[in-house]
Amino acid sequence: MALTDNIVSYYKLDGAAGAVVDSAGSNDGTNNGATRSETGKIGDCFRFDYPNHISVGYSDTLVIDGDITMTAWINMDASSENVALMCWKYGDTGPEYNTMFYWGKMGTGQIRAIHEYGNGTNQESRTVGTNYLTHSGWQFICITRDTTAKNYKFYVDGDYKETISYNTNPEKAASGNQQVLSICHNWPDLVDEVGIWGRALTAEEVTELYNSGDGLTYPFGTPPDPDPIAAPTTSGTVQEGAGGIGPRYIATRYPATEGLIAGSTKQTGSGILEEE
């Protein structure tokens, strides 16, 4: 599968003003007080402090009671405890207000995942690790839920950490249609590149997203080569004129030097070799 398969929403958290753009879907959000245009892991990011958060309104695509993946790059303040990075609820505003998916941090650097079933009075809550989440710079966090296997898997910086089983899959509330996605509610400090998939990513895909610590941003592709013709990798000659590659190739293929590779030569129309 491609990394874009079954992606629901992706928030790059770039831009100084306006809507919080969903680059992969149609679930744009509203910024509620977060500081924008901070230096992020990739491009810009948002800085949060309570009660700053991003809110996203009603969307059928976010009613995810099946498999899911949630990812984000985070850079936390040392004072953060028992805070939520992502939470989506479905139903009325009372106790029937079911949590479909949630993940956050507990006080000792643990990662917590939650979902509810029934009428909001039944909860599956799983907490893993000690000091998985640190305060020493950017970390890439990924949580997957597999509703067939009934488990959550936890990854930090591309590395698999733990699998935790649960008993009952999430369920939508019995009534109501009020939905709210809250990103970074109560979350302190920097967040970047938030993604939601309607499937459980594989360990290989998580490693690919981590990209040796550099990260990837949607749509996760490598920029194409500007010229499909293979370039010489050693010194050589290039002939101008009829039958030759010509100056267009030289200028396009080597924009940094505006010529050939250092030490190479080209042949002019007179047949005289000139040093580039």
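Residues numbered from 1 in each chain as written. Predicted model: local features only at pLDDT ≥ 70, side-chain atom pairs only at ≥ 80, totals over all residues. Heavy atoms only, no water.

Chemist: Help me get a handle on the overall build of the protein chain, residues and values and all.
Modeler: Per the secondary structure count, the protein chain includes 2 helices and 18 strands. For the protein chain, the proportion of its 276 residues judged to be buried stands at 45%. Looking at the protein chain alone, contacts between residues at least 24 apart form 61% of all its contacts between residues at least 6 apart. Only carbon and sulfur atoms are counted for the fraction: they give 47% of the accessible area of the protein chain, which is about 12,800 Å². (Helix = DSSP H or I, 4+ residues; strand = E, 2+ residues; numbered from the N terminus. Buried < 20%, exposed > 50% of the residue type's maximum accessible area, 1.4 Å probe, protein only. Contact = heavy atoms within 4.5 Å. Areas by Shrake-Rupley, 256 points an atom, 1.4 Å probe, with all protein chains shown as cover.)

Chemist: Outline the pattern of salt bridges, listing residues and values.
Modeler: Throughout the structure, instances matching the rule amount to 4 salt bridges. Here Arg47 makes a salt bridge to Asp189, at a shortest N to O gap of 2.4 Å. Taken as a pair, Arg47 in strand β4 (residues 44-48) and Asp189 in strand β15 (residues 189-197) lie far apart in primary sequence, 142 residues in all. What makes Asp189 buried here is its relative accessible area of 15%. Between Glu205 and Arg199 there is a salt bridge, and its shortest N-O distance comes to 2.9 Å. Summarising the burial analysis for this pair, Glu205 and Arg199 share the class buried. One network of salt bridges, with partners in common, ties together Glu38, Arg47 and Asp189. (Salt bridge = Lys/Arg side-chain N within 4 Å of Asp/Glu carboxyl O.)

Chemist: Outline the confidence of the model for the protein chain, listing residues and values.
Modeler: With 70% of its residues at a pLDDT of 70 or more, the protein chain shows a mean pLDDT of 77. Within the protein chain, no element has a lower average pLDDT than helix α2 (residues 247-253), which sits at 34, and none a higher one than helix α1 (residues 203-210), at 98. Below pLDDT 50 for its whole length, residues 223-276 participates in 60 contacts with residues either more than four positions away or in separate chains. (pLDDT = per-residue confidence, 0-100.)

Chemist: Describe the pairing of strand β12 (residues 151-156), with residues and values.
Modeler: Where burial is concerned, most of β12 is hidden: 5 out of the 6 residues are buried. Pairing geometry for strand β11 (residues 139-146) and β12, over 6 bridges, is antiparallel. Within the sheet, the bridge partner assigned to Arg145 lies in β12 and is Tyr152. Linkage of β11 to β12, two consecutive antiparallel strands, is achieved through a turn of 4 residues, within which Lys150 is found at a positive phi near 55°. Remark: 2 residues form the turn of the hairpin made by β12 and strand β13 (residues 159-165), two consecutive strands paired antiparallel; Asp157 in that turn has positive phi of roughly 50°. (Pairing = 2+ DSSP bridges.)

Chemist: Summarise the side chain of Asp189; cite the residues concerned and give the values.
Modeler: Within the local environment of Asp189, its side chain forms a polar contact with the side chain of Arg47, the two groups lying 2.4 Å apart. Aside from chain neighbours lying at most four places away, what touches Asp189 is Phe46, Arg47, Phe48, Asn75, Met76 and Asp77. (Polar contact = N/O pair within 3.5 Å; in protein donor to acceptor, adjacent residues only side chain to side chain.)

Chemist: Give me the packing of aromatic side chains: which residues, what numbers.
Modeler: Applying the stated criterion across every chain yields a total of 11 aromatic pairs. Centre to centre, the rings of Phe46 and Phe48 are 6.0 Å apart; their planes meet at 35°, and the pair counts as tilted. When sorted by exposure, Phe46 lands in the same class as Phe48, which is buried. (Phe/Tyr/Trp six-rings, centres within 6.5 Å; stacked < 30°, edge-to-face > 60°.)

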